[in-house]
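Secondary and tertiary structure notes
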Amino acid sequence: MKLTKFTHACVRLEREGSVLVFDPGSFSEVDEALDGAQAVLITHEHADHLDEDAVVAALRAKKDLELWAPPGVAQSLQARLDEHAAGRVHPVESDSEFMAAGFTVRTFGGQHALIHPLIPMVANVGYLVEGNVFHPGDSFVVPSGISVQNLLVPLHAPWSKVGEVIDFVVAVRAPQAFPIHDALLNDAGLGLVENHVKRIGTEYGSTYRHLSPGESVEV
């Protein structure tokens, strides 16, 4: 598969003409990411993971585009679409499996990481594609019963600290790890976090590789 990182949490997977996109959010190059896509996976409702206006426009314009999201997100999108387009939006819970654009997808987790007790918790679903690439959304849930090959690592967020990022990489022990959720870091902060993740991850068998927005890698 070809994996392309876009700004922040948006990632595109391509294989033999099939295209699947994770979390086309407001910080990301949504139109570019969704160009030619047949499937979209949304981890949760926050705008940096879901540019709702852009995604609704894409669902209206692309008659073969399907989307999977936690039930509340799916219902919100369906309410803005006609019957045909709404039928291509699928609610999904954790601990399920389905096919999206020819890719096998498994789900894990169920809730967003805690930001603060006074900030409401929302649903969050992590997606594992082809037993290969895992996008956790805004969580550090570790997939159980399976060895992840390529881990997408949320490097920075209001709900995390560097030690938790490192512990997540160590716990999953994926042979390869790549960055997501990094748009709020400046160059100095990004380098600091990545150096820690790379150094300690290597000690536990995970090779961390930096990807800039628009950069691709084969996985």
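This text follows the structure it describes.
In this report, we go over the structure that sits alongside the text. (Residues numbered from 1 in each chain as written. Predicted model: local features only at pLDDT ≥ 70, side-chain atom pairs only at ≥ 80, totals over all residues. Heavy atoms only, no water.)

For the rest of this paragraph, the subject is the sheet that holds strand β11 (residues 150-154). Strand order in this open sheet of seven strands is β7-β8-β9-β10-β11-β12-β13, and the pairing throughout is mixed. Two strands lie at the open edges of the sheet, namely β7 (97-100) and β13 (207-208), each paired on one side alone. Here five bridges tie β11 to strand β12 (residues 176-180), and the two strands are oriented parallel to one another. Its bridge partner being in β12, proline 154 is matched across the sheet by isoleucine 180. Along the sheet, helix α5 (residues 162-172) makes contact with β10 (133-135) and β11, crossing β11 at roughly 165°. (Pairing = 2+ DSSP bridges. Helix = DSSP H or I, 4+ residues; strand = E, 2+ residues; numbered from the N terminus. Contact = heavy atoms within 4.5 Å. Axes fitted to C-alpha atoms, helices over the stretch in contact; angles between N-to-C directions.)

Note: strand β1 (residues 2-5) against strand β2 (residues 11-15), four bridges, orientation antiparallel. Its bridge partner lying in β2, lysine 5 is registered against valine 11. Connecting β1 to the antiparallel partner β2 that follows it, the hairpin turn spans five residues, and histidine 8 within it adopts a positive phi of roughly 70°. As defined by bridge partners, β1 adjoins strand β14 (residues 216-218) across three bridges and the pair is classed as antiparallel. What sits directly across from lysine 2, in β14, is glutamate 218.

Let's shift gears to the pattern of salt bridges. Summed over the entire model, instances satisfying the criterion amount to six salt bridges. For aspartate 182, the salt bridge goes to lysine 5, with nearest N and O atoms at 3.2 Å. You can see aspartate 182 sitting in the loop between β12 and α6 (187-203) and its partner lysine 5 sitting in strand β1, a full 177 residues away along the chain. You can call aspartate 182 buried: its relative accessible area is 10%. Since its relative accessible area comes to 1%, lysine 5 is described here as buried. Across the pair glutamate 130 and arginine 15 runs a salt bridge whose closest N-O atoms are separated by 3.5 Å. Of this pair, glutamate 130 sits in the loop between β9 (123-129) and β10 while arginine 15 sits in strand β2, and the two are 115 residues apart along the sequence. With relative accessibility at 31%, the residue glutamate 130 sits in the partly exposed group. For arginine 15, a relative accessible area of 28% puts it in the partly exposed group. (Salt bridge = Lys/Arg side-chain N within 4 Å of Asp/Glu carboxyl O. Buried < 20%, exposed > 50% of the residue type's maximum accessible area, 1.4 Å probe, protein only.)

Moving on to the nonpolar core. Within the largest apolar cluster, 25 residues are counted, with the highest numbers of intra-cluster contacts made by Val21, Ile42, Leu59, Leu67, Leu81 and Val89. Among the secondary structure elements, those contributing two or more residues to this core are β3 (18-22), α1 (30-34), α2 (52-61), β5 (66-69), α3 (71-78) and α4 (83-86). If you tally residues by element for this core, the top one is α2, at four residues. With residues near it in sequence (within four places) discarded, leucine 67 still touches Val40, Ile42, Val55, Leu59, Leu77, Arg88, Val89 and His90. Membership of the second largest hydrophobic core comes to 24 residues, among which are Trp68, Phe98, Val125 and Leu211. (Core = buried A, V, L, I, M, F, W, Y, C linked by side-chain atoms within 4.5 Å.)

Such coordinate-based values are descriptive only and should not be taken to indicate function.
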